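Secondary and tertiary structure notes
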Amino acid sequence: MDIAKDVDAHILVIPKKKHCKNILDCDLETLSVASQTIKTISNHLTENCGYEGVNLLNASDESAGQSAPHFHIHVIPRKRDDGIDTWSISAANRQE
């Protein structure tokens with residue numbers, strides 16, 4: 001569970017067997033295990049915990065906002081009209 005307590009049931013998936021700085025540094029086996037874990041957690045949240053969907057969030061490299069030097073993916077459980085804005089990218093950020 002994420003310690004920030006910013007969103008109810010916010011979960012982090014972090015590979016423990018092998019260190020990867022970010023997804024760009026992650027081998028396919030480690031990424032596959034992480035993906036399987038994310039799928040299991042996401043299914044549990046939607047099938048057993050009353051959530052309707054999930055957001056998966058990842059920042060790879062400091063330029064993308066990565067704050068911890070270890071690959072991890074945030075699983076944010078969602079309900080319709082929950083007021084959570086995980087998509088704050090605006091048209092002003094577009095580049096030709």
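Computed from a prediction, not measured in an experiment: that's the story for all the values here. (Residues numbered from 1 in each chain as written. Predicted model: local features only at pLDDT ≥ 70, side-chain atom pairs only at ≥ 80, totals over all residues. Heavy atoms only, no water.)

A look at helix H1 (residues 28-48)
Between its terminal C-alpha atoms H1 stretches 30 Å, which fits the 30 Å expected from 21 residues at 1.5 Å a residue. Listed in full, the buried residues belonging to H1 are Thr-30, Ala-34, Ile-38, Ile-41, Ser-42 and Leu-45. Taken end-on, H1 shows its buried residues confined to a sector of 100°, consistent with a single buried face. Away from the buried face of H1 by more than 90 degrees, exposed residues Leu-28, Glu-29, Gln-36, Lys-39, Thr-40, Glu-47 and Asn-48 are located. Looking at the packing, one finds that the buried side of H1 touches strand E1 (11-13), strand E2 (53-57) and strand E3 (73-78). Put simply, Asp-27 is the residue that caps the front of H1, since its side-chain oxygen is 3.2 Å from the backbone nitrogen of Glu-29. One or two residues past the end of H1 sits Gly-50, with phi positive at roughly 85°. (Helix = DSSP H or I, 4+ residues; strand = E, 2+ residues; numbered from the N terminus. Expected span 1.5 Å × (residues − 1). Buried < 20%, exposed > 50% of the residue type's maximum accessible area, 1.4 Å probe, protein only. Arc of directions from axis to C-beta. Contact = heavy atoms within 4.5 Å. Polar contact = N/O pair within 3.5 Å; in protein donor to acceptor, adjacent residues only side chain to side chain.)

Observations regarding the pattern of salt bridges
Within this structure, the stated rule accounts for four salt bridges. Between Lys-18 and Asp-27 there is a salt bridge, with its nearest N and O atoms 3.0 Å apart. Here Lys-18 falls in the partly exposed class, since its relative accessible area comes to 45%. The partner of Glu-62 in a salt bridge is Lys-21, with the nearest N and O atoms 3.6 Å apart. One end of the pair, Glu-62, is in the loop between E2 and E3; the other, Lys-21, is in the loop between E1 and H1, with 41 residues separating them in the sequence. Lys-21 sits in the partly exposed class, given a relative accessible area of 31%. (Salt bridge = Lys/Arg side-chain N within 4 Å of Asp/Glu carboxyl O.)

As for unusual backbone geometry
For Asp-61, which is not glycine, the phi torsion reads 95° and is therefore positive. Tracing the backbone shows Asp-61 in the loop between E2 and E3. Note on Asp-61: relative accessible area 25%, which makes it partly exposed. Of note, Asp-81 is a non-glycine position whose phi angle comes to about 60°, a positive value. Within the secondary structure, Asp-81 is located in the segment after E3.

Brief notes about the pairing of E3
The two faces of the sheet receive side chains in turn, since in a regular strand these alternate between them. The element E3 is extensively covered by neighbouring structure, given that five of its six residues are classed as buried. For E1 and E3, the ladder comprises three bridges, and the chain directions are antiparallel. Bridge pairing in E3 places Leu-12 opposite His-74. (Pairing = 2+ DSSP bridges.)

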